[in-house]
Amino acid sequence: MNRSSLTCCTILLAMVVWGPAVHAAVAIRVLLYQDVPQVEVTAENHLTVRVPGGEVRAAGSRLVITPRSGRVQVNGKSISSDRVVVRGQEQDLRVRAAEAKPKDTVRSPGPEPKARFENLPSVLSKKGPRPEQKGSPEAGSGLVVGGDLHVLSREEGLLVINVIDLEEYVEGVVPSEMNAGWSLEALKAQAVATRTYALYQQMMHADKDYDLVATVQDQVYGGRLKVDERVRQAVGETKGLAVTFQERPILAAFSSTAAGPTEDVTNVWSQDLPYLKGVECPFDSRSPYYRWTTTFRIDMLETKLQEAGVGVGTVATVTPFAYSRAGRVTKLRVLHSRGELVLRGEDLRRVIGYRAIPSTQFTIEAIGQEIVLSGNGAGHAVGLCQWGAKELAQLGYPFTTILRYYYPGTKVTRAWRLDPMPLHDP
């Protein structure tokens, strides 16, 4: 698509508005691991452990932290507190957690839709992970991070929270959420969206133990290992910039491939946000997720629904019957031997798997022992389309224009008042 036709889409909206610069480092609290039975932290030089009250203990270059009776143990020695802060003197911290028992996530901090089944058990109202981005740090795989580690003992295990400078956090997210080989303006758009999303979550969860989760539930935070010079450049040249609406950071949702108009947020998360309205997106046809076909067994659907607490019988048919203005399936009718079930399109994705059903823009091609879906796009399609941003950047549009297009009515501004959070106090 050329520049003149893009102008017809009203993408050329405004210049960047410059507000007061941020003078102090802003910390973000990122949950790395949750309810794990053990955490190992290593560094090249000595680590220190800080406990409430300010006491600091030298602890060598390797720590093994475990919970015990509501308190924390470090290398087998009990600490008279339910939390400690581990510091590495500006060096890399390598953190690895033992596998936790499978369980639902405690909190739902991100914008991925809470499942809303109609007339179904409340167990299905719990939020599932965001599917459309790359892999997330799982317990056992390990991460290399900067900043501090806050380790909290809870009834079901340890919470491991990385308190990190906001800009370093953005560096750790960008190459995990977007191909670092893409053009600089696309990476800049991702960096600003990432920073904005983090600030929004910090604003929403100031009274919680952490602001974001380091997985697809919020934004994938990969630590320091994937960061290269191009990522640093993209983050550095957008330092302090955020997308705002009425002087506040927005819920800067993004997904891989819209494959058509982006979606109104009301059709996905039952919220009404003026800056998350659908816009035309004829820019992502080169995405490998633009068209797809998937197949799953009908007895798998029965099993998954039953596991979620829905008493369905033998499924006979699955039929879409309600669509969004953008053409995505908002509701399906499931006829089964015990009656009828009305299912949201996003809930079908959640039950079967977000990777198995990349988007709700699909048709049902066949149904028998297997259900065959033919679809387009990947992700919820709310807000920024990453493959669309890639194409617009290649056409020469700056990151500010790209962001203003996908988040209509917003401004790209220097961060306003941001109270710095201490990086090392428990």
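Structure shown above.
These remarks concern the structure in this document. (Residues numbered from 1 in each chain as written. Predicted model: local features only at pLDDT ≥ 70, side-chain atom pairs only at ≥ 80, totals over all residues. Heavy atoms only, no water.)

What to know about the side chain of aspartate 211
Inspection of the secondary structure assignment puts aspartate 211 in the loop between α3 (184-204) and β13 (212-213). Assessed through its relative accessible area of 0%, aspartate 211 is described here as buried. Side chain to side chain, aspartate 211 and arginine 29 meet in a polar contact 2.6 Å long. (Helix = DSSP H or I, 4+ residues; strand = E, 2+ residues; numbered from the N terminus. Buried < 20%, exposed > 50% of the residue type's maximum accessible area, 1.4 Å probe, protein only. Polar contact = N/O pair within 3.5 Å; in protein donor to acceptor, adjacent residues only side chain to side chain.)

Concerning the nonpolar core
Leu32, Val95, Tyr169, Tyr406 and Tyr407 are the most contacted members of the largest nonpolar core, which has 89 residues in total. Sort the elements by how many residues they give to this core and α3 lands first, with 10 residues. Beyond its immediate sequence surroundings of up to four residues, tyrosine 406 is in contact with Thr262, Tyr275, Val279, Cys281, Phe283, Gly383, Leu384, Cys385, Gly388, Ala389 and Leu392. Residues Phe296, Val351, Ile352 and Leu373 belong to the second largest nonpolar core, which totals 21 residues. (Core = buried A, V, L, I, M, F, W, Y, C linked by side-chain atoms within 4.5 Å. Contact = heavy atoms within 4.5 Å.)

A short note on helix α7 (residues 345-352)
Burial of α7 is extensive: seven of the eight residues sit out of reach of the surface. Considered for burial, the residues of α7 that qualify are Gly345, Glu346, Asp347, Leu348, Arg349, Val351 and Ile352. Tucked inside the fold, the buried residues of α7 contact α5 (266-269), β17 (291-297), α6 (298-307), β19 (329-336), β20 (339-344) and β21 (362-367). In the segment just after α7, glycine 353 is the residue with positive phi, at about 130°.

Quick look at helix α4 (residues 229-236)
Restricting attention to buried positions, one finds in α4 the residues Val231, Ala234 and Val235. Down the axis of α4, the buried set is contained in an arc of 95°. They therefore lie on one face. Buried-residue contacts for α4 involve α2 (166-177) and α3. Backbone nitrogen of arginine 230 and a side-chain oxygen of the N-cap are separated by 3.2 Å at the start of α4; the cap is aspartate 228. (Arc of directions from axis to C-beta.)

Focus: the sheet that holds strand β12 (residues 157-165)
Strand order in the open sheet formed by seven strands is β4-β3-β8-β11-β12-β1-β13, and the pairing between neighbours is mixed. Each edge of the sheet is formed by a strand with only one pairing partner; in this case those strands are β4 (56-58) and β13. Two strands pair when backbone bridges link them, and strand β11 (residues 148-154) and β12 are joined in this way by seven bridges, in the antiparallel orientation. Each bridged residue has a counterpart across the sheet, and for leucine 149 the counterpart in β12 is asparagine 162. Contacts from α2 reach β1 (27-36), β12 and β13 within the one sheet, and its direction differs from that of β12 by about 110°. (Pairing = 2+ DSSP bridges. Axes fitted to C-alpha atoms, helices over the stretch in contact; angles between N-to-C directions.)

What about the pattern of salt bridges?
In this structure the tally under the stated criterion is 19 salt bridges. A salt bridge links lysine 188 to glutamate 237, with the nearest nitrogen and oxygen atoms 2.7 Å apart. Of this pair, lysine 188 sits in helix α3 while glutamate 237 sits in the loop between α4 and β14 (241-245), and the two are 49 residues apart along the sequence. Across the pair glutamate 263 and arginine 328 runs a salt bridge whose closest N-O atoms are separated by 3.2 Å. Residue glutamate 263 is located in the loop between β16 (254-255) and α5, and its partner arginine 328 is located in the loop between β18 (315-323) and β19; the two are separated by 65 residues in the primary sequence. Accessibility classification places glutamate 263 together with arginine 328 in one group, the buried group. (Salt bridge = Lys/Arg side-chain N within 4 Å of Asp/Glu carboxyl O.)

Looking at the environment of serine 61
With respect to the secondary-structure elements, serine 61 resides in the loop between β4 and β5 (62-68). Distance in space between the C-alpha atoms of serine 61 and histidine 46 is 4.6 Å, their sequence separation being 15 residues. The residues contacting serine 61, other than those within four sequence positions of it, are Val41, Thr42, Ala43, Glu44, Asn45, His46 and Leu47.

What about unusual backbone geometry?
What you tend to see is this: most non-glycine residues have negative phi, and most peptide bonds are trans. Of note in this structure, serine 69 is not a glycine but carries a positive phi near 50°. Following the sequence through the fold, serine 69 ends up in the loop between β5 and β6 (71-74). Assessed through its relative accessible area of 76%, serine 69 is described here as exposed. Positive phi, close to 55°, is recorded for alanine 259, a residue that is not glycine. Tracing the chain through its elements places alanine 259 in the loop between β16 and α5. The class for alanine 259 is buried, based on a relative accessible area of 6%.

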